[in-house]
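The lines below spell out each chain.
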Amino acid sequence: MLTLVSDWIYYVKNFLVEYIDVDFTLWLTWLLAPLLITFLLPLVIVLLLYLTASIMYIYKFHRDRLHHAYEVDIWHGARKTCAAIWDAHGWIWHGYDVEGLENVPTDTPALLVYYHGAIPIDLYYVISRIYLIKNRLVHTVADRFLFKIPGFGIISEVMKVIPGTVQTCSSVLKENNLLAISPGGVYEAQFGDSYYSLMWKKRLGFAKVALDAKVPIIPIFTENVREAFRSIGIGKRFWLKLYLWIRFPFVPIYGGFPVKLTTHIGLPIPYDASLSPEELQLKVAAAMQDLIATHQRIPGSILKGLMQRCFTYPKPYKAK
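Model, not experiment: these values are computed from the prediction.

Criteria and thresholds
Residues numbered from 1 in each chain as written. Predicted model: local features only at pLDDT ≥ 70, side-chain atom pairs only at ≥ 80, totals over all residues. Heavy atoms only, no water. Phe/Tyr/Trp six-rings, centres within 6.5 Å; stacked < 30°, edge-to-face > 60°. Helix = DSSP H or I, 4+ residues; strand = E, 2+ residues; numbered from the N terminus. Lys NZ or Arg CZ within 6 Å of the ring centre and 35° of its normal. Buried < 20%, exposed > 50% of the residue type's maximum accessible area, 1.4 Å probe, protein only. Pairing = 2+ DSSP bridges. Arc of directions from axis to C-beta. Contact = heavy atoms within 4.5 Å. Core = buried A, V, L, I, M, F, W, Y, C linked by side-chain atoms within 4.5 Å. Domains from an automatic or database assignment.

Some thoughts on the packing of aromatic side chains
Tallying each qualifying case throughout the model produces 15 aromatic pairs. Both rings, one in W86 and one in Y125, keep their centres 6.4 Å apart while their planes meet at 55 degrees; by these two values the pair is tilted. Within this pair, whereas W86 is found in helix α5 (residues 76-94), its partner Y125 is found in helix α6 (residues 121-134), the two being separated by 39 residues in sequence. Here the aromatic cluster, defined as three or more aromatic residues joined through ring pairs, consists of W86, Y96, Y124 and Y125. Lying over the aromatic face of Y131, K80 brings its terminal NZ or CZ to 5.1 Å of the ring centre. Sitting above the plane of the Y187 ring, K201 keeps its charged end 3.9 Å from the centroid.

Here it is as C-alpha cells:
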C-alpha cells in the first residue's frame, strides 16, 4: 500500500514539474493548507489558556506588592485582565454576543447548566462577560483529567474550577456563589454532533445539587458552538470504546472557524421541593431543548455560521 502511494506521489510530482511547471512543494502546501489550519487553530485556545495561566502566575509572584492595590481580593486584577482578553477574543473572532444576561442574578446563588461543545469556548466567554459586567465570579465544574494538565492548577485556583462532587457543589452554592455545570460533560463534547442532541444519559448530579442547595437552575446554550469546533466523526465506535475504557478524551478536534457565537441565557427554573432529581432533570433538559430549537438551525452549518457574521440569518421556525 505504501509503495503504491509513494509511486502515485512520484508520478504526480513529475507531471506537475515537467508539464505544468508547478513547484511540487508549493502545490502540496497549498493543497494541504486548509487541512493544516483546521487542526492548528484549536492550538490558539491552548495558547490563550497558557497566557491566562502566565498572567495569574505573575500576579501570584507579586502578590505581596499587589496586596495593597486590591482591598478585597488579590486575584481581582488578574481575573479582570484575563476576562478582558477572553472577551476581546470572542468579540473579534466570533462576533460574540450574550442574550439574557439579565437572567443571571446579581447577588443570589444559581446553578448554570450549559450545553457542552467540542471545546467549551463559549463557557470561557460567558464567564468573562459575567465577571466584567456583573462583577460575579462563576465557579465551574471540570473533568478530573484537566487537573493533570501542566499549568491548569493556577487557573483552577484563581477561577475556582473544581472536580465537583454533589457535596462540594452544594457547598459552593450555599456560600451564595454561581456555579456552572455541564451534565453531558466530556462525553457530550467528544461524541455530540451538529444535530445538538443532549447526551446527558441518566446523570442526575446537577439536579441533586440544585435541590440540596435550594437554588434555581439557569439553562445556557450557545448558538453555533459546534460549528466553531468539531470532533472527528470517523471511527466513532473506536473512539467511544477507547473513551469508555480509559475515560480520557482522545477524539481529535478541528476547527476554530470564526462563526457567529451567541450565548442564550434562559429563564431561571425556580427551586421546587416537590420535584425529584429525575423530574428536575427532565424539566431542565426540556428547557435546554427549547433553547436549541428556538435559536439553532439543525443541522448546524459552518457556512451559515460564517454568514451570520455579515447579516442576521433567519431563526429556525418553531411550531407552537
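Here the narrative resumes.
Brief notes about the pairing of strand β3 (residues 138-141)
Consecutive side chains of a regular strand alternate in pointing toward one face of the sheet and then the other. A two-sided burial pattern is seen for β3, the buried positions comprising V138 and T140 on one face and H139 and V141 on the other. Taken together, the three bridges between β3 and strand β5 (residues 178-181) define a ladder with parallel strand orientation. Of the residues in β5, the one forming a bridge with V138 is L178. Sheet topology note: the β3/strand β4 (residues 161-162) ladder contains two bridges and is parallel. Residue T140 lies in a different strand from β4, and its bridge partner there is V161.

Observations regarding helix α8 (residues 166-174)
Of the residues making up α8, those classed as buried are C169, S170, V172 and L173. Buried residues of α8, viewed axially, fall in a sector of 155 degrees; they line one side. Exposed and facing more than 90 degrees away from the buried side of α8 are Q167 and K174. Elements in contact with the buried residues of α8: β2 (110-114), β3, β4, β5 and α10 (205-213). Phi for N176, located one or two positions after α8, is positive at around 70 degrees.

Digging into the nonpolar core
By size, the foremost hydrophobic cluster in this structure holds 46 residues, and its most contacted members are M56, I121, I130, M159 and I265. Counting only elements with at least two residues in this core, the list comes to α3 (42-61), α5, β2, α6, α7 (152-159), β5 and β6 (217-223). Counting only domains with at least three residues in this core, you end up with domain 1 (1-72) and domain 2 (74-308). If near-sequence neighbours (up to four positions away) are discounted, I121 is found in contact with I45, W86, F229 and L261. In terms of nonpolar packing, the next biggest core, distinct from the first, is built from 31 residues, I162, Y196, F206 and A213 among them.

What to know about the pairing of β6
Burial of β6 is extensive: seven of the seven residues sit out of reach of the surface. Sheet topology note: the β2/β6 ladder contains four bridges and is parallel. Bridged to L111 within β6 is I217. Sheet analysis places β6 next to strand β9 (residues 262-265), joined by four bridges and oriented antiparallel. Counterpart to T222 in the pairing with β9 is T263.

Structural measurements only, silent on function.
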